[in-house]
Amino acid sequence: MSKSLGNFLTIREVTKQYHPLALRYFIMSTHNRSAINYSNKQLEVASGSVRYLYQTLHDCAKAVSTFRENNSEVQSGGSIGLTSEVQECIDKLRKDFYTRMSDDIRTRDFLDTTLQDTSKLINSSLNVVNKKEKQKQKSLFVSLAELEKQVATFLDILGMMAPLIYSEFIE
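All residue numbers refer to positions counted from 1 along the written sequence of the respective chain. Where totals are concerned, whole chains, interfaces and linings use all residues; where local detail is concerned, this predicted model gives features only for residues with pLDDT of at least 70, and gives and counts side-chain atom pairs only at 80 or more. Hydrogens are left out, water is left out, and the side-chain values use all remaining heavy atoms of the structure.

S.K.: What should I look at first to understand the nonpolar core in this one?
M.R.: Nonpolar side chains in soluble globular proteins tend to end up buried together. With 40 residues, the main nonpolar core has L115, L144, V151 and M160 as its most contacted residues. For this core, the secondary-structure elements that each account for two or more residues are α2 (20–28), α3 (40–70), α5 (84–102), α6 (107–128) and α7 (134–157). Helical segments are the DSSP runs of H or I of at least four residues, strand segments are the runs of E of at least two, and each set is numbered from the N terminus. Element by element, the count of residues in this core is highest for α3, at 10 residues. Residues count as neighbours in contact if any of their non-hydrogen atoms are within 4.5 Å of one another. With residues up to four places along the chain from it excluded, the contact list for V151 reads L53, L57, L93, L115, T118 and I122. By convention a nonpolar core is built from buried Ala, Val, Leu, Ile, Met, Phe, Trp, Tyr and Cys residues, the set being connected through side-chain atoms within 4.5 Å. Residue exposure (1.4 Å probe, protein chains only): buried if accessible area is under 20% of the type maximum, exposed if over 50%, otherwise partly exposed.

S.K.: Please clarify how the packing of aromatic side chains should be interpreted in this entry.
M.R.: Describing an aromatic ring pair means giving the distance of the ring centres and the angle of the ring planes. Classification of ring pairs rests on two measures: the distance between centres of Phe, Tyr or Trp rings, Trp counted by its six-membered ring, which must be within 6.5 Å, and the angle between planes, read as stacked under 30 degrees, edge-to-face over 60 and tilted in between. Scanning all chains against the criterion turns up six aromatic pairs. Each ring, one from F97 and one from F154, has its centre 4.6 Å from the other, and the planes form 40°; the classification is tilted. Taken as a pair, F97 in helix α5 and F154 in helix α7 lie far apart in primary sequence, 57 residues in all. Taking the relative accessible area as the measure of exposure, F154 reaches 2% and is therefore buried. Seen from their ring centres, Y98 and F154 are 6.0 Å apart, and the 75° between their planes marks the pair as edge-to-face. Highlighted residues: Y98 in helix α5 and F154 in helix α7, separated in sequence by 56 residues.

S.K.: Is there a simple way to explain the layout of surface pockets in this structure?
M.R.: A water-sized probe, rolled over the atoms, reveals where empty space remains. Taken as a whole, the largest pocket holds about 260 Å³ of empty space. Space inside and on the surface of the protein is sampled on a 1 Å grid over the protein atoms alone, with a cavity defined as a set of points where a 1.4 Å probe fits but cannot get out and a pocket as an open set with protein on both sides within 12 Å along at least 5 of 7 lines; lining residues have an atom within 4 Å of a point. Lining the largest pocket are 14 residues, with F26, S29, T30, Q42 and R108 sitting closest to its centre. Counting only elements with at least two residues in the lining of the largest pocket, the list comes to α2, α3 and α6. Looking at the lining of the largest pocket element by element, the count peaks at four residues for α3. Of the residues in the lining of the largest pocket, the class split is five nonpolar, seven polar and two charged. Grid points are joined across faces, edges and corners, and a volume is the space filled by probe spheres set on the points. Amino acid classes used here: Ala, Val, Leu, Ile, Met, Phe, Trp, Tyr, Cys and Pro are nonpolar; Asp, Glu, Lys and Arg are charged; the rest, including Gly, are polar.

S.K.: It is not clear to me how the side chain of S125 should be interpreted in this structure. Could you clarify?
M.R.: On the secondary structure map, S125 appears in helix α6. With sequence-adjacent residues up to four places away left out, S125 is seen in contact with L140 and L144.

S.K.: What should I look at first to understand the environment of Q150 in this one?
M.R.: Examined against the element boundaries, Q150 turns out to sit in helix α7. On the accessibility criterion, Q150 (7% relative accessible area) is buried. Sequence-distant contacts of Q150, that is, excluding residues within four places in its chain, are made with I90, L93 and R94. Polar contact criterion, stated in full: a pair of N or O atoms within 3.5 Å, where within protein one must be able to donate a hydrogen and the other to accept it, and residues adjacent in sequence count only if both atoms are side-chain atoms. Polar side-chain contacts of Q150 include one of 2.8 Å to the side chain of E146.

S.K.: Would you mind showing me how to read the packing of α5 against α6 here?
M.R.: In helix packing, the relevant descriptors are the interaxial angle and the interaxial distance, both defined with respect to the helix axes. Structural elements are reduced to axes, namely lines fitted to C-alpha atoms, with helices fitted over the stretch in contact, and the angle between N-to-C directions of any two is expressed from 0 to 180 degrees. For the pair α5 and α6, the least separation of the axes is 10 Å and the interaxial angle reads 170°. By the criterion of interaxial angle, the relationship of α5 to α6 is roughly antiparallel. Residues E85, V86, C89, K92, L93, D96, F97, R100 and M101 of α5 touch α6, and the partners they reach there are T107, D109, F110, T113, T114, L115, T118 and L121. Looking at the contact of α5 with α6, its residues break down into eight nonpolar, four polar and five charged. Any angle between 65 and 115 degrees counts as roughly perpendicular, while under 35 counts as roughly parallel, over 145 as roughly antiparallel, and the rest as oblique.

Shown next as structure tokens:
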């Protein structure tokens, strides 16, 4: 793109078509020392990734809040622990985030691999949640709540947690 050739877009023009968080995700998906090659296709991919992420967090928050309303021991912070799979995922999420940010700010690697893998785990956990026996189900919901919290924390660090609720972005 070049201003002299007249084939450029302003940020205002781009944000008329795409949510600003999709634009931010697109920009963070390029290496900080590389040129950014804009295309509508790449912005569509970024928009789809953000939508998937926010939809996952929305579904997780909705399921956890419904579960909390029906289970007083979870509300009062009962002694229910995280599942081992979720604890491993959270440890990997933290380690990968700090490792990749310390290694030349590789946000793309974190966004495209670790964060997407965590979203897949949340979605697969939501799919099997009704098939579990009651005690395992409680542990799974506590685990889902912690996963949502951890993902939201890292998104906030990256500036991807706008002051809106997930459903507002999805709309």
